Every structure is written in C-alpha cells, then in structure tokens.
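Structure at a glance
One letter stands for each residue in the lines below.
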Amino acid sequence: MSKLQPVRGTRDICGDDARRFSQVVDIFKSVAGRFGFREIATPLFEFSEVFRRTLGETSDVVSKEMYSFIDRGGDEITLRPEYTAGIARAYLSGGMQQEGVVKLYAYGPMFRYERPQKGRYRQFHQLDVEILGAPEPQADVEIIALGQQLLEEMGLASQATLHLNSLGDPESRQAYRVALVAYFDGNKDTLSKDSLARLSRNPLRILDSKDEGDQKLVANAPVMVDYLNETSRDFITSVKRGLDILGIEYTDNPKLVRGLDYYCHTAFEFITNDLGAQGTVIGGGRYDGLIEQMGGPATAGVGWAAGIERLGMLLSDVPEGPRPVALIPLGEAAEEKALKIASQLRKAGRTVDMAFRGKLKKRLSRANKQNARYAIILGENELAKGQAIIRDLDEGSQREVPLEGLLAALPPES
Ligand code: ATP
Ligand code: MG
C-alpha cells in the first residue's frame, strides 16, 4: 500500500474546515426551518437513469463528470452529482404529489469528476432547497429570499451579487434558440470546438462558455429578453416585484443560463468576487419540465443549490466551541475518581477533556493546546486529603478545593 493519500479531488475536513462546514450547515438549517422547509435526506446513489434522463446526455455533468459503476447485481448506478434529480425521484416514489406544495431542504456530499482546483473538488458538499408543486412566481421570490437570508446570516450578503435572468417559457425559448443558432451559425469559424458541438444540441450553453473567443461572440449575441412572450414577461416581472418589495437587489444578466432543457423562467446565481473563477456560491432556477421528463405528472419546481466549501471559505474566522475543562488524574485511584467527576461535569453541561496518560507537564501542555481555561488536577496527595486542585491556565494561579465542593468551586464557562 503506497497510496495512503486521499483520492485526487477529495479531502478530509477537520479542525478549522470542520468548524466552517458546521457553521454553514447550522445557519442553513435554521434559515430553511424558518422558511417552512422540511428536511429530506436522499441516497448518495441512484440508478444512473435518474440523472441521465433529467440532466440530459449533452450536459457537462452527464457527458463527462459522473461517477458511475455497475454494482454486483448488474445495476447501473451513479453517485449523485446534484440534488434536484434525486429529490424529484423521491417526490414521485414517495407519493408526495398528494401533499400539494412541498418545500424541502437537504445537505450532503456530491460527486463530480472535475479538474480539481481551489473551490472545485470531486467530492464536494451542497446545501439544497426545492419547492415542488408551486407554479407561482411567489415561489421563486421565496426561494431567492431564502438564499439572500442565508448569506445575510452568514455575514456574506455584501460580498455577493444576485444575478438574474429569465429563460422564458418553452415557446419563448424556442424562438430565442432559433435566433441564437442563426447568429452562431454565421460565426462558426470563430466558435470554440466545445461550443461548436453545443450549437446543435444545447446552443444556450454557449452563452456560458469560458472560452475567450466565444465570450467575444456572446457579447453581441441576441438576448433572451427580446424573445420573451407576454406570459414570460409577466412572470419575471412578478418575480422582480417581489424582490423589490423585499429590498433584494439584483443585476440583470442576460448571459446567465442553466444549460438543461427543462429549465424555464427564473434563473439566478449569487456570485462573489472573492473566489476567483469559482465565484458562484448559490445557483438555481425554475424547472417546471423536470418531473414530467422523469415520467411523472406535470409538476412545477424551483430551487437552488449552494457549495458548502465555497461558502465556508468566505466565512470570517469561526470561533472554537466552549473552552474545555482539562481533567488531570495522577495515579489509579485518581483515575477512577476522575471518571466520576468528568461524568458529573458533562451532565452539568460543561465541556471536559481528559488525556489518558502522560506526566503532569505533558498533560498541562495538552490542556493548553486544547484551549482549556481550567485544569482540575487530582494528585495522590490531594486525593488522600479529599481535595483537588483547580488551576486557572490563563492566570497561572491555582488553589485547592474540597472534592465535594468541586463543581460549585469551578468558575462558570468562559
Ligand atoms: P460551476 O459553474 O462552478 O461549475 P455548476 O453550474 O456546475 O458550477 P451547480 O451544478 O449549479 O454548479 O451547483 C451549485 C453550486 O455547487 C455551485 O454554485 C457551487 O457553489 C457548488 N459546486 C459545483 N460544483 C462544485 C465542485 N466541483 N466543487 C465545489 N463546489 C461545487
Ligand atoms: Mg460545473
């Protein structure tokens, strides 16, 4: 075994990273709960078909990023690259259609075979919210407001800009698609190889191209807003009115697309300038065609997903938890006594750390490393007298207290 390394694009999350991760999830759960969303946990893997059908063969995710394998029973399985498809599958197989409007939140790992770089991993983690069964623009407003509130409570609202676009209804999008194909067709020789392939299969995706040559072309391309029919214009106008009422600022971004066919009307991203090319922290939109595409009844849907790692990196320092009490028993009798004391303190709500071996000096240095404020030292001599030492590690002072009064003598948590 020479490969004692994490697999490329994966990482262990501990220490500061773990605190950031928890902070993001804790705030998310609190905000989503207050918006009336219920938690759902879907499996880490699904039949590959679930993603292939919904994301489409030509999407980046399906064509080159999926972790797929044949399991021992011969089934074709894929580790989930995103939440929406799995949640839509759960909605159908769990009979949630009966419930009317369903509002769900989830968080957990995702898997995509991507080129790893800062803010881009092969196993990464997402927060996700979905509203199913609500075709009204108010649902889009609520879902965006949830994203905004999350960023506010994380202290990131001022660093992120909400980009907004409308992809229109299918009729509008078809008209736009024709115009777009005509435009790019006339500029075929300057188009990148990737975008040339997108031209026939998924022309809207060209708007999203990272290629410089493509971007120059895109700057002069027709824009969706000129092709929206009345229904589509009314829809995005209602969404914007809701955002205005809430005082949520946005930037119109005609190049913002979600590359998949079932997306319609609202598309949005919260983008920061603080993460280089990986600046999108939240991305979402309306996907009224998805459930039908999966074989279910026509059902409206709107939602977003956010990268936990990216949000975590933007957080200012996350403080460590409460400072522990270090328990330092010396000798066998003291160790038994310490077991009891640790249990009592923990039941009383205190954080207690106990090293299992070592000389006093080594244990005190561990206590300092753990950021303990107080150490309780149980030496043989003290124990014989029915006493213990409480040492204030910040002050460097200590005093002896009777064992019975130990809990009361320990100053409150700081
Ligand atoms: P990008 O344009 O950065 O590739 P995407 O459009 O593929 O993003 P979505 O599928 O919309 O991303 O996922 C939602 C969010 O999940 C992104 O905005 C981002 O914050 C995060 N995300 C996506 N892919 C990764 C990854 N490989 N590593 C870390 N976070 C990611
Ligand atoms: Mg991507």
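Residues numbered from 1 in each chain as written. Chains lettered and ligands numbered in written order. Predicted model: local features only at pLDDT ≥ 70, side-chain atom pairs only at ≥ 80, totals over all residues. Heavy atoms only, no water.

Let's shift gears to the site of ligand 1. The environment of ligand 1 is formed by 13 residues, the closest being Arg112, Glu114, Arg120, Tyr121 and Thr280. Within the contact set of ligand 1, a nitrogen atom lies 2.9 Å away from a backbone nitrogen or oxygen of Tyr121. A distance of 3.2 Å separates an oxygen atom of ligand 1 from a polar atom in the backbone of Gly307. At the level of elements, strand S6 (123-132), strand S10 (280-286) and strand S11 (301-307) are the ones that each hand at least two residues to the shell around ligand 1. Residues belonging to the shell around ligand 1 are distributed by class as follows: four nonpolar, four polar and five charged. (Near = heavy atom within 4 Å. Polar contact = N/O pair within 3.5 Å; in protein donor to acceptor, adjacent residues only side chain to side chain. Helix = DSSP H or I, 4+ residues; strand = E, 2+ residues; numbered from the N terminus. Nonpolar A, V, L, I, M, F, W, Y, C, P; charged D, E, K, R; others polar.)

Turning our eyes to something else, we now look at the domain arrangement of the chain. Frequently, the measure chosen for interface size is the accessible area removed from exposure when the parts meet. Here the domain parsing of the chain yields domain 1 (15-169 + 229-314) and domain 2 (325-409). Centre-to-centre, using C-alpha coordinates, domain 1 lies 49 Å away from domain 2. (Domains from an automatic or database assignment.)

Let's shift gears to the nonpolar core. Core analysis: the biggest nonpolar cluster contains 88 residues, and Leu127, Phe184, Trp304 and Leu311 have the highest contact counts within it. In terms of residues, this core owes the most to one element, helix H5 (residues 137-153), which gives eight residues. Counting 19 residues, the second-largest nonpolar core is a separate cluster that includes Val325, Val352, Ile376 and Leu378. (Core = buried A, V, L, I, M, F, W, Y, C linked by side-chain atoms within 4.5 Å. Buried < 20%, exposed > 50% of the residue type's maximum accessible area, 1.4 Å probe, protein only.)

Sheet architecture is open: three strands sit in the order S2-S4-S3, paired in antiparallel fashion. Since the sheet does not close on itself, it has two edges, and those belong to strand S2 (45-47) and strand S3 (67-70), each with one partner. Going from strand to strand, the sheet's axes swing by 30° on average, the running direction of each strand aside. In terms of strand pairing, S2 meets strand S4 (residues 76-79) through three bridges, oriented antiparallel. Directly across from Phe47, in S4, lies its bridge partner Ile77. (Pairing = 2+ DSSP bridges. Axes fitted to C-alpha atoms, helices over the stretch in contact; angles between N-to-C directions.)

Listing the buried residues of helix H13 (residues 360-369) in full gives Arg363, Leu364 and Ala367. All buried residues of H13 project into a common sector of 100° when viewed along the axis, lining one side. H13 presents Lys361, Lys362 and Lys369 as exposed residues on the side facing more than 90 degrees away from its buried surface. Turning to H13, the residues buried within the fold contact strand S12 (325-329), helix H12 (332-347), strand S14 (374-378) and strand S15 (387-392). Within two residues after H13, Asn371 carries a phi angle of roughly 65°, on the positive side. (Arc of directions from axis to C-beta. Contact = heavy atoms within 4.5 Å.)

Moving on to the pairing of S11. The buried count for S11 comes to seven of seven residues, which makes it a mostly enclosed element. Here S11 shows no split at all, with Gly301, Gly303, Ala305 and Gly307 on one side and Val302, Trp304 and Ala306 on the other all buried. Inspection of the sheet shows S6 paired to S11 by seven bridges, in the antiparallel sense. Considered in S11, the bridge of Leu127 is made with Ala306. Note that S10 and S11 share five bridges and pair antiparallel. In the sheet register, Arg286 faces S11, and the bridge partner there is Val302.

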